[in-house]
Amino acid sequence: MSVAALSPDLILTNGVILTADKNNNQAEAVAVWNGKIGAVGSKSEIDSLGDARTQTIDLKGRCVLPGLTDPHVHFADGGASMMHRLDCRDFYSNVRSIPQIVEKISEQAQSQAPGSWVIAHGSPMQDFRMPEGRFPNRHELDAASPNNPVSINFGAHITIANSKALEIAGINKSTETPAGGAIEVDESGELTGKLVERAQYLVRSVIPEYSYDQMKKGILFASDRCLARGITNIHDIVTNQESIRAYQELAQAEELPIRVSLLIRVIEAAIQKESLLNLGIKTGFGDDWLRIGGVKMSIDGGITGHVAKFYEPYVDDPCHEGLIRIEQDELDETVSAYHKAGHRICIHAIGDVAMDMALRSLDGVLKEDPRDDHRHRIEHLGNWLVNDERLDLIKRNQILPVPNIPFMHFIWESLLACIGDERLEDSFNIRTMLDAGLQITSGSDGPAYWPLDSLRDLGTAVSRQTWTGKVVGPDQSITVDEAIRMFTINAAYNAFEEKIKGSIEVGKIADFAILAENPHDIEPTKIKDIPVDMTIVDGKMAFFRDGAEGLTA
Ligand SMILES: [Zn+2]
């Protein structure tokens, strides 16, 4: 007997199925065989397919989306730290001032053995939001933790270390600043404890690393949080062989809870630049659970540490325009080698100088060696400063911008303070980019800054509302259907996976997010808070919300 002759394994019925297919069709029910969607249709059509062996879930009018995707995360790197670090982030821990940070660190230090490291993290640009208008300095951290080295990072680009930590790292007044980094000193030439970009590695390299096992557990920990928000796919930026090995082992043991596309960093990583070229492995290698999604490199630093590279200085720091981590030559060489080897390339570029370098590099290589369907991406492009000229280049070369809607949601006021309203005019211009025919998605850059939550980002793309209640550029708002597409089919396209996932259509993978409410039916500002009642991965229930009323499985 063929599989098709059997009744479905699973039927979801009596719901509103938002398929995200070509016409955004809606259905009432869907049937699953062997982890794949086998039928989509009306309740009566689909119900008639089931029998005693079929698990049937009555959705009671709930809304079903294709499993959501977050296409830019630091998961293997961030998962373990989510489990173990002291959380001083203002967005999620209510730590809103330097004394509160100091108090938390002090409590933590007292609970640890003398000499052991206190590792904490805050939010990017928390200095802008705290009443003191700055980060804590090493003296404050010394007072909080006189006997333990302390390292607290605020986003990816700034770390503050106390005196003990600086001492262990061998940093003193005469330490040479590493290229692409900065060691801050005050007016009298004393270390403040603030380390920027590559200077952070001086301290990071002496902090005991998470064990392999902790890292693996961290992936599972972070995955569970994804499933609770309907996220079934991530594109993870990995920087070392252990992360890749951990993913492989989890996938082989069939323990990987979500699907992962690996973006492998080949510059400033523990992975050698030539590794993938030497192996002859191409983008796409892998299976439906774990796949190589491309290679990644970062031109400039982050906006949060004032190290994204702009032509004009920072508004609140008129002496600095940011810094470049990869010069144009090295960029062009690397881009060309990976392009020619058939890889998809993802380039991090936040400031306009870096954007232009990335666009120049991709434009050059595509002129020299045209390739359809390369799907090269520029990370963070689309946040701001996409003027007509840049948009033309993006369109002509079919480059995929991957903006970050949570930057608008969480740090809008800080962005204004640091790069000013002129540069933020027409920022997060999702409407414009969709109208230009680009397949736009958005990455959270979590989980360290803020949790992954594609539904939050989907809602923000419609409402344009920030964490503090401001509405930003309402003319760039998009429709609910467009926003759903951003985090489903567009994201699948971004990973070369639109034929197997991203919409609820026959033959595709049976990954679903079941929402307590239909985003079409509520206020746009409330979409971000819709509870996810159930998440299904590969036709199996992977998450069930306690108290999801009347939903039985
Ligand atoms: Zn990132």
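Now for a quick tour of the structure. (Residues numbered from 1 in each chain as written. Predicted model: local features only at pLDDT ≥ 70, side-chain atom pairs only at ≥ 80, totals over all residues. Heavy atoms only, no water.)

**Digging into the sheet that holds strand β6 (residues 55-58)**
Then step 1. Strand order in this open sheet of 4 strands is β5-β4-β1-β6, and the pairing throughout is mixed. Edge positions in the sheet fall to β5 (36-41) and β6, since each of these pairs with one other strand and no more. Ignoring which end each strand starts from, the neighbouring axes of this sheet average 15 degrees apart.
Then step 2. With 4 bridges connecting them, strand β1 (residues 10-13) and β6 associate as parallel partners. (Pairing = 2+ DSSP bridges. Helix = DSSP H or I, 4+ residues; strand = E, 2+ residues; numbered from the N terminus. Axes fitted to C-alpha atoms, helices over the stretch in contact; angles between N-to-C directions.)

**Considerations on the coordination of the zinc ion**
Then step 1. Protein coordination at the zinc ion comes from H72 (NE2), H74 (NE2) and D445 (OD), with a distance range of 2.1 Å.
Then step 2. The buried category is assigned to H72, whose relative accessible area is 1%.
Then step 3. D445 sits in the buried class, given a relative accessible area of 7%. (Donors = N, O, S within 2.8 Å, 3.2 Å for Na, K, Ca; no water. Buried < 20%, exposed > 50% of the residue type's maximum accessible area, 1.4 Å probe, protein only.)

**Topic: the environment of K217**
Then step 1. By secondary structure assignment, the location of K217 is in helix α9 (residues 212-227).
Then step 2. Distance from K217 to A246, taken between C-alpha atoms, is 9.5 Å for residues 29 residues apart in sequence.
Then step 3. A distance of 2.7 Å separates a polar atom in the side chain of K217 from a polar atom in the side chain of D213. (Polar contact = N/O pair within 3.5 Å; in protein donor to acceptor, adjacent residues only side chain to side chain.)

**Re the pairing of strand β15 (residues 231-238)**
Then step 1. Across the 8 residues that make up β15, a large majority, 8, are buried.
Then step 2. Relative to β15, strand β8 (residues 68-73) runs parallel, the two being bridged by 4 bridges. Bridging from a neighbouring strand, V73 pairs with D236 of β15.
Then step 3. Bridge count for β15 against strand β16 (residues 259-265) is 6 bridges, and the pairing is parallel. Within β16, the residue paired with I237 across the bridge is L263.
Then step 4. As for the winding sense of the linkage, the β-α-β connection from β15 through helix α10 (residues 241-252) to β16 is right-handed. (Right-handed = clockwise from strand over helix to strand, strands pointing away.)

**Some details on the sheet that holds strand β18 (residues 345-348)**
Note: strands within a sheet are paired through backbone hydrogen bonds, in either parallel or antiparallel orientation.
Then step 1. Here 7 strands make up an open sheet; going across it, the order is β8-β15-β16-β17-β18-β19-β20 and the pairing parallel. Every interior strand has two partners, whereas the edge strands, β8 and β20 (400-402), have only one. Taken over all neighbouring pairs, the strand axes of this sheet differ in orientation by 25 degrees on average, direction set aside.

**Description of the packing of aromatic side chains**
Then step 1. One pass over the structure, following the stated rule, counts 10 aromatic pairs.
Then step 2. Between F91 and F410, the ring centres sit 4.6 Å apart and the planes meet at 40 degrees, which makes this aromatic pair tilted. In this pair, F91 sits in helix α3 (residues 90-93) while F410 sits in helix α15 (residues 405-423), placing the two residues 319 residues apart along the sequence. Across this residue pair, the class does not change: F91 and F410 are buried.
Then step 3. Arranged with centres 5.9 Å apart and planes meeting at 90 degrees, the rings of W384 and F428 form a pair that is edge-to-face. Here F428 lies in the loop between α15 and α16 (430-435) and W384 lies in the loop between β19 (377-379) and α14 (388-396), a separation of 44 residues in the sequence. No difference in accessibility class separates W384 from F428, as the two residues are buried.
Then step 4. Here a set of aromatic residues connected by ring pairs shows up, and it is made of F91, F407, F410, Y449, W450 and W467.
Then step 5. Just above the ring of F221 sits the side chain of R225; from NZ or CZ to the centre is 3.8 Å.
Then step 6. Directly above the aromatic system of F310 lies the positively charged group of R423, at a separation of 4.9 Å from the ring centroid. (Phe/Tyr/Trp six-rings, centres within 6.5 Å; stacked < 30°, edge-to-face > 60°. Lys NZ or Arg CZ within 6 Å of the ring centre and 35° of its normal.)

**Focus: the pairing of strand β10 (residues 118-122)**
Then step 1. By the criterion of burial, β10 is predominantly enclosed, with 5 of the 5 residues buried.
Then step 2. Alternating residues of β10 divide into V118, A120 and G122 and I119 and H121, and every residue in both groups is buried.
Then step 3. Both strand β9 (residues 86-87) and β10 contribute to a ladder of 2 bridges, which runs parallel. When the bridges of β10 are listed, L86 appears paired with A120.
Then step 4. Here β10 runs beside strand β11 (residues 150-154); their pairing, made up of 5 bridges, is parallel. Counted as the bridge partner of V118 is V150 from β11.

**Comments concerning the pattern of salt bridges**
Then step 1. As enumerated under the stated definition, the model contains 35 salt bridges in all.
Then step 2. With a shortest N-O distance of 3.0 Å, D435 and R431 are connected by a salt bridge. Here the residue D435 and the residue R431 both occupy positions in helix α16, the gap between them amounting to 4 residues, near one helical turn.
Then step 3. The class of R431 is buried, set by a relative accessible area of 18%.
Then step 4. The shortest N-O distance in the salt bridge between D457 and R456 comes to 2.8 Å. Of the two residues, D457 and R456, both sit in the buried class.
Then step 5. Because the salt bridges share partners, they merge into one network encompassing D288, R291, E497 and K501. (Salt bridge = Lys/Arg side-chain N within 4 Å of Asp/Glu carboxyl O.)

**Focus: helix α2 (residues 75-84)**
Then step 1. With respect to burial, α2 is a largely interior element, 7 of its 10 residues being buried.
Then step 2. Buried residues along α2 sit against β8, β10, α9, β15 and α10. (Contact = heavy atoms within 4.5 Å.)

**So, α9**
Residue pairs three or four apart in sequence face the same way in an α-helix, which turns once every 3.6 residues.
Then step 1. With 16 residues, α9 extends 23 Å between its outermost C-alpha atoms, agreeing within 8% with the 22 Å of an ideal straight helix rising 1.5 Å per residue.
Then step 2. What α9 keeps buried is the set M215, K216, G218, I219, A222, S223, C226 and L227.
Then step 3. Those residues of α9 hidden inside the fold are in contact with α2, β15, α10, β22 (532-537) and β23 (540-544). (Expected span 1.5 Å × (residues − 1).)

Interpretation in functional terms is not warranted from these geometric data alone.
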